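Residue-level structural notes
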Amino acid sequence: MFFTLLKRELMLARRNWVAILIPLFFFVMVVVLFPFAISPEAEFLQKIAPGVIWVAALLATLLSLDLFYRSDYSDGALEQLLLMASPTQVALAKIVAHWLMTGLPLVLVSPLLAGLMQLNYGLPQGILEANQTPILMLSLLLGTPTLCLLGAIGISLSLAASRNGILVAVMILPLYVPILIFGSATITASLENNGYNAQLAILGALLLFALALTPFATGRALKIAVS
Amino acid sequence: MSETASFGLKGRGITISRSEQILLEHVDLNFKAGTITHLFGENGTGKTSLMRALAGLLPLDSGSVFWNGYETSHPEANFTQDLLFLAHNLAMKHELSITENLQFYSALRGQKASKSKLLSVANELDIETLLDRHFAELSAGQQHKVSLCRLFLEKAKLWILDEPFVNLDARTRDWLSSQMMQFAASGGVVIFTSHQAIEGLKIHQQISLAHQTDEVLD
Amino acid sequence: MASWRWFHQLGSPKWFYQKSASWLPWLWVATAILFAFGLYYSLWNSPVDYQQGNSVRIMYIHVPVAALSMIGYLAMAICAIIGLVWKMKMAFMVTRAIAPVGAAMTFLALFTGSMWGIPTWGTWWEWDARLTSELLLLFLYLGFIALHSSFADRSKADRSAAVLAIVGAINVPIIYGSVKWWNTLHQAYSVTKRGAIDPQMQTPLFIMIGAFYLLFAILVIVRLRLEIMSREGKSQWLQAEVLANRSVGVKS
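Below you will find a few notes about this structure. (Residues numbered from 1 in each chain as written. Chains lettered and ligands numbered in written order. Predicted model: local features only at pLDDT ≥ 70, side-chain atom pairs only at ≥ 80, totals over all residues.)

**Let's talk about the overall build of chain C**
Looking only at helices and strands, chain C has eight helices and zero strands in total. Dimensions of chain C, computed from C-alpha atoms along their principal axes, come out at roughly 60 × 40 × 35 Å. Buried positions account for 36% of the 252 residues belonging to chain C. (Helix = DSSP H or I, 4+ residues; strand = E, 2+ residues; numbered from the N terminus. Buried ≥ 20, exposed ≤ 12 C-beta atoms within 10 Å, placed from the backbone.)

**Topic: the overall build of chain B**
Tallying secondary structure elements over chain B gives six helices and nine strands in all. Scaling as 2.2 N^0.38, a compact globule of 218 residues should have a C-alpha radius of gyration of about 17 Å, and chain B matches this with 18 Å. With the principal axes as the frame, chain B shows a C-alpha extent of 60 × 35 × 35 Å. Taking all 218 residues of chain B together, 35% fall into the buried category. Across chain B, the fraction of contacts at a sequence separation of at least 24, relative to all contacts at a separation of at least 6, is 70%. (Rg over C-alpha atoms; globule rule 2.2 N^0.38 Å. Contact = placed C-beta atoms within 7 Å.)

**Topic: the pairing of strand 6 (residues 83–86) of chain B**
Residue and element names in this part refer to chain B. Covered by surrounding structure in strand 6 are Leu83 and Phe85 together with Leu84 and Leu86, the residues of both alternating faces. With four bridges connecting them, strand 6 and strand 7 (residues 158–161) associate as parallel partners. Bridging across to strand 7, Leu86 finds its partner in Leu161. (Pairing = 2+ DSSP bridges.)

**Structural notes on the interface of chain A and chain C**
Between chain A and chain C, the residue contacts involve 21 residues of the former and 22 residues of the latter. Of all the secondary-structure elements, those providing two or more residues to the side of chain A that touches chain C are helix 6 (133–158), helix 7 (165–191) and helix 8 (197–226) of chain A. If one sorts the elements of the side of chain A that touches chain C by residue count, helix 7 of chain A sits on top with ten residues. Broken down by class, the residue content of the side of chain A that touches chain C amounts to 17 nonpolar, two polar and two charged. (Nonpolar A, V, L, I, M, F, W, Y, C, P; charged D, E, K, R; others polar.)

**Topic: the interface of chain B and chain A**
Listed per partner, the contact involves 19 residues of chain B and 16 residues of chain A. Where the side of chain B that touches chain A is concerned, the elements lending two or more residues are strand 6 and helix 3 (98–108) of chain B. With four residues, helix 3 of chain B is the single largest residue contributor to the side of chain B that touches chain A.

**Things to note about the sheet that holds strand 7 of chain B**
Residue and element names in this part refer to chain B. Pairing within the open sheet is parallel, and its five strands lie in the order 6-7-8-3-9. Because the sheet does not close on itself, it has two edges, and the strands there are strand 6 and strand 9 (205–209). For this sheet, the mean inter-axis angle between neighbouring strands, taken without regard to orientation, is 15°. (Axes fitted to C-alpha atoms, helices over the stretch in contact; angles between N-to-C directions.)

**Some remarks on the environment of A:Val168**
All names here are of chain A. Locating Val168 in the fold gives a position in helix 7. In sequence terms Val168 and Gly154 are 14 residues apart; their C-alpha atoms lie 5.2 Å from each other. Once residues lying within four places of it in the same chain are set aside, the contact partners of Val168 are Leu62, Leu65, Gly154, Ile155 and Ser158.

**Quick look at unusual backbone geometry**
With phi around 50°, B:Asn68 is a residue other than glycine that occupies positive phi space. Residue placement: B:Asn68 occurs in the loop between strand 4 (62–67) and strand 5 (70–71). Positive phi values are uncommon outside glycine, yet C:Lys87 reaches one of about 50°.

**Side note on the packing of helix 3 (residues 59–86) of chain C against helix 7 (residues 199–231) of chain C**
Residues and elements named next belong to chain C. Interhelical geometry of helix 3 versus helix 7 gives an angle of 45° and a closest axis separation of 9 Å. In terms of axis orientation, helix 3 runs oblique to helix 7. The way helix 3 lies across helix 7 gives a crossing that is right-handed. In this structure, helix 3 contributes Tyr60, Val63, Pro64, Val65, Ala67 and Leu68 to the contact, and helix 7 contributes Pro204, Leu205, Met208, Ile209, Phe212, Tyr213 and Phe216. A per-class count over the contact of helix 3 with helix 7 returns 13 nonpolar, no polar and no charged. (Parallel < 35°, antiparallel > 145°, perpendicular 65-115°, else oblique. Left-handed = near helix turned anticlockwise from the far one by under 90°.)

**Examining the sheet that holds strand 2 (residues 21–32) of chain B**
Residues and elements named next belong to chain B. Taken together, the four strands give an open sheet; going across it, the order is 2-1-4-5, and neighbouring strands pair in antiparallel fashion. Every interior strand has two partners, whereas the edge strands, strand 2 and strand 5, have only one. Pairing of strand 1 (residues 8–18) with strand 2, which is carried by eight bridges, proceeds in the antiparallel orientation. Within the sheet, the bridge partner assigned to Ile16 lies in strand 2 and is Leu24. Packed on one face of the sheet, helix 1 (residues 47–55) meets strand 1, strand 2 and strand 4 and runs near 125° to strand 1.

**Quick notes on helix 4 (residues 115–124) of chain B**
For an α-helix, 3.6 residues make a turn, and residues three or four places apart therefore share a direction. Residue and element names in this part refer to chain B. Leu118, Val121 and Ala122 are the residues of helix 4 that are buried. Down the axis of helix 4, the buried side of the element spans an arc of 100°, and every buried residue falls inside it. Opposite the buried face of helix 4, at more than 90 degrees from it, the exposed residues are Ser116 and Asn123. In this structure, the buried side of helix 4 is in contact with helix 3 and helix 5 (140–153). Following helix 4 by one or two positions, Asp126 has its phi on the positive side, about 65°. (Arc of directions from axis to C-beta.)

Shown next as structure tokens:
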């Protein structure tokens, strides 16, 4: 049942592949704005890079939620899904598909941003351990699923509401703060030659915690939306 | 209570409201196995709300709905498997082909809609050449026919159909009537709404919904 | 069975509306007395802090409202659970009644916290862990209010906002924990640690806490009565109630 749902979500996403790419463009564009707004100086960019990349990832996730939830709600398909499958399963399929189609690409494109933001500036060349890019990717890999999970609750609650776009942001952004803190702190700690395992562990713990609770809450929210 | 008496859909003491408006209050309903029920009433009397409540989408203010003697939420009732609810919106994805759309809904029930089965129902409804087209490319009438294919493809025991006859040509109307009668004859339960009377359709039960007078409640 | 009577009574808007009318005057009197004592002690009859001077007196407002801002959110989440699980309309009304009052308390906590910051930190805003968490709590309240007011259908609004309140309440400790951790990371910014409290300051503080709790209760009850009026406007008992009150008003 779950895989039938997931397969459908992925198929729909593939048919809308241009729409799927837009959040990715957005992710890159937002980051590119910062050198213009502040300074292209490498030392400076390196310092703000973790925060900037993480904020951009957070906004890109938030903006891509619509694709996976809105059309099913407006054409009545969501109602049919909830009649035939359990709400938690429907929610989980959507969350997993959302992450695979938008969260994972963010992780994969992040090395490009690491380069643009001079994340590896002044670090010894050629030594693998000194390279910050894998740590950035790892933090995004552990953090973006949680962003998708929490975002799912927000979008599901807003489906039946009248002003929905900005509403999701207002509801969900405060909940994103812990992930933002630990996500960017991972990279900052590594840049400063400090241990970053604790930060990664907390990101992982947040992910597991969210994974245990949010699909159920999202399912409830979807049920309320179609009622 | 005998075994057969409990077969079918039963609502006991149902109260439904929509936006603080009470639509039905403490109503008992009985839809026996093998019967077709026609719900009618003016717009806004709550036909759709009643259907959605019976299907379990709209929460009841009071009362409960039983399927074959079990409450519909009870796993033994097997209600999600047995129910086929066609709403006003067609719930088909524009980006998918007709085949993909229909096969998905069958798959969600754990059933398989084979190519030959798809072709035979499409033939009956004159849409066999459209099976590989995207749903968005079809005319409104054709789209409606596609959603009706689900009645043929998915094995269910209860049909709840919201205005299924609207905008259908005479031939498809006859096809749908005969499908409904066949389904009832094989022990299925049909509940549908319609503004017009349907010629040739044998209806076992008619339920008329009226506007609740603005009585003060307490 | 009998012990659950109060629960069912509280669940009845009619019972609450009629009873609360007689509670309110007493609550107002009690609140006024507590505020009179509390303000007297906290503004005149309590010691001056050896470091902060008179500005420590802001504490007597800041601490109660900060406590209420958090308890308010928790109460909202508990009512949300009751509403969702037992389908109790009254519980949803309470969440709706609490939200703006809780948000106001949070705003007051931020405002007094910033005012306190001017003499102690030399600036009205410092990214202090508690102040920052309080700001995020205000956002959570605003999210709840924004969501609840975005629905045409009241029952959907109630249930959706209830889910958000529960999710928010689960997140509050996580947010607080992470903000605290983040704050220790940037130690350089936090200037003062507010130390243990002088016993002589305790009495006025407790009185003020009591006074603010009562004020909070009154505001919630008044809002709840308004909520009942707007929702049960059509029901006979409420119309009779309002008519009876009006005739009393004309006579007096």
